[in-house]
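Close look at the chain arrangement
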Amino acid sequence: MSTADRDAASLEAAASAEAARCDAARVADEHEAAGDWRGLADARRRQADVARAAGELDRAEEYLRAARSLYIMLNDGYWAARALTSLAEIRLSMGDYLVAAELSGQAVEQMPGDTEALTVLASAEWQAGSPADAEVTFSRVLHWDADTPSALAGRGQVRADMGSYSLAVDDLDRALKFSLDREDEADARSARALALAGLGRPADAHAELAESLRLLPGRSRTKGRADRIAMLVGDLAGERDSRS
């Protein structure tokens, strides 16, 4: 794609985002003027989605908190908890893992079997440095829905990082049967590469690592796992040399 084409595409995307923002604001104003509080709550949630898509995370949080307050006023516990989950997702994407865990934990208390809230909680626990807790929470997701791709990929990565290589490969093989987005697939493949290295399959590990790097070159998580793979493969080679 040429520079001119990229500039045109960027301008078109910006115009589309602005149109979506204006439309969402118009709908919200109409509901507020009519005193339609449920309609306004839903409109605030829509505004949050638009802001989040545009990368305006602080604004998205503001709209979600407004929506949640309205849902609480309307005694709608389901959508109030959904708003908490969305707030947790935003905090997770911002790297604020402890707050993400707190918010998603509150959502889980209100919706104990909700796989979306549980998945966010597990991801936050993992990133906050509690992989054992994350493994348990991902398993809770899979208890409710055994074919949740994000939970399979998450638990597989946690297990690979903790050294449970056979279990990790089982989870990741199942996850990779689904259509994952580019980032999730790259992470699943780098974790699978780590697990394969741990199982003494260096050629397979390097092939899977190469595919992860092809999907997202320069990803820090992939680099960290590549370093661990190099150590594992080196250790295996050293063991073979000592036995020969």
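Below: a short report on this structure. From a predicted model like this one, the values you see are computed outputs, not experimental measurements.

**Quick look at unusual backbone geometry**
Here N75, not a glycine, exhibits a phi torsion of approximately 60°, which is positive. Looking at the element boundaries, N75 is found in the loop between α3 (57-73) and α4 (77-93). When its relative accessible area of 72% is taken as the criterion, N75 is described as exposed.

**What about helix α10 (residues 182-198)?**
With 17 residues, α10 should reach 24 Å at 1.5 Å per residue; the first-to-last C-alpha distance of 24 Å fits that figure. For α10, the tally of buried residues reaches 13 of 17 residues, placing the bulk of the element in the interior. Backbone nitrogen of E183 and a side-chain oxygen of the N-cap are separated by 3.2 Å at the start of α10; the cap is D181. Just beyond α10, the residue with positive phi is G200, at close to 80°.

**Considering the packing of aromatic side chains**
The geometry of an aromatic ring pair is captured by two quantities: the separation of the ring centres and the angle between the planes. On inspection of all chains with the given rule, the structure shows two aromatic pairs. An angle of 85° between the planes, with centres 5.2 Å apart, marks the rings of Y78 and W79 as edge-to-face. The partly exposed category is assigned to W79, whose relative accessible area is 28%. The lysine or arginine in question, R45, covers the ring of W79, its NZ or CZ lying 3.9 Å from the ring centre.

**What to know about the environment of R221**
Mapped onto the secondary structure, R221 falls in helix α12 (residues 220-243). Taking the C-alpha atoms as reference, R221 lies 7.2 Å from D187; in sequence the two are 34 residues apart. Every residue in contact with R221, bar those within four places of it in the chain, is listed here: W126, Q127, Q157 and D187.

**With respect to the pattern of salt bridges**
When the charged atoms of two side chains with opposite charge come close together, those side chains can pair. In this structure the tally under the stated criterion is 30 salt bridges. Between D42 and R45 there is a salt bridge, with the nearest N and O atoms lying 3.2 Å from each other. A residue pair is termed a helical-turn pair when its members lie 3 or 4 positions apart in one helix, as D42 and R45 do in helix α2 (residues 37-53) at three residues. By relative accessible area, D42 is classed as partly exposed at 30%. By relative accessible area, which is 22% here, R45 ends up partly exposed. Ionic pairing is found between R189 and E185, a salt bridge with its closest N-O pair at 2.9 Å. Within this pair, R189 and its partner E185 are both found in helix α10, separated by four residues, close to a single helical turn. Each of the two residues, R189 as well as E185, counts as buried. A single network of salt bridges, built from pairs that share partners, joins D173, E185, R189, R192 and E208.

Cut-offs and rules
- Residues numbered from 1 in each chain as written.
- Predicted model: local features only at pLDDT ≥ 70, side-chain atom pairs only at ≥ 80, totals over all residues.
- Heavy atoms only, no water.
- Helix = DSSP H or I, 4+ residues; strand = E, 2+ residues; numbered from the N terminus.
- Buried < 20%, exposed > 50% of the residue type's maximum accessible area, 1.4 Å probe, protein only.
- Expected span 1.5 Å × (residues − 1).
- Polar contact = N/O pair within 3.5 Å; in protein donor to acceptor, adjacent residues only side chain to side chain.
- Phe/Tyr/Trp six-rings, centres within 6.5 Å; stacked < 30°, edge-to-face > 60°.
- Lys NZ or Arg CZ within 6 Å of the ring centre and 35° of its normal.
- Contact = heavy atoms within 4.5 Å.
- Salt bridge = Lys/Arg side-chain N within 4 Å of Asp/Glu carboxyl O.

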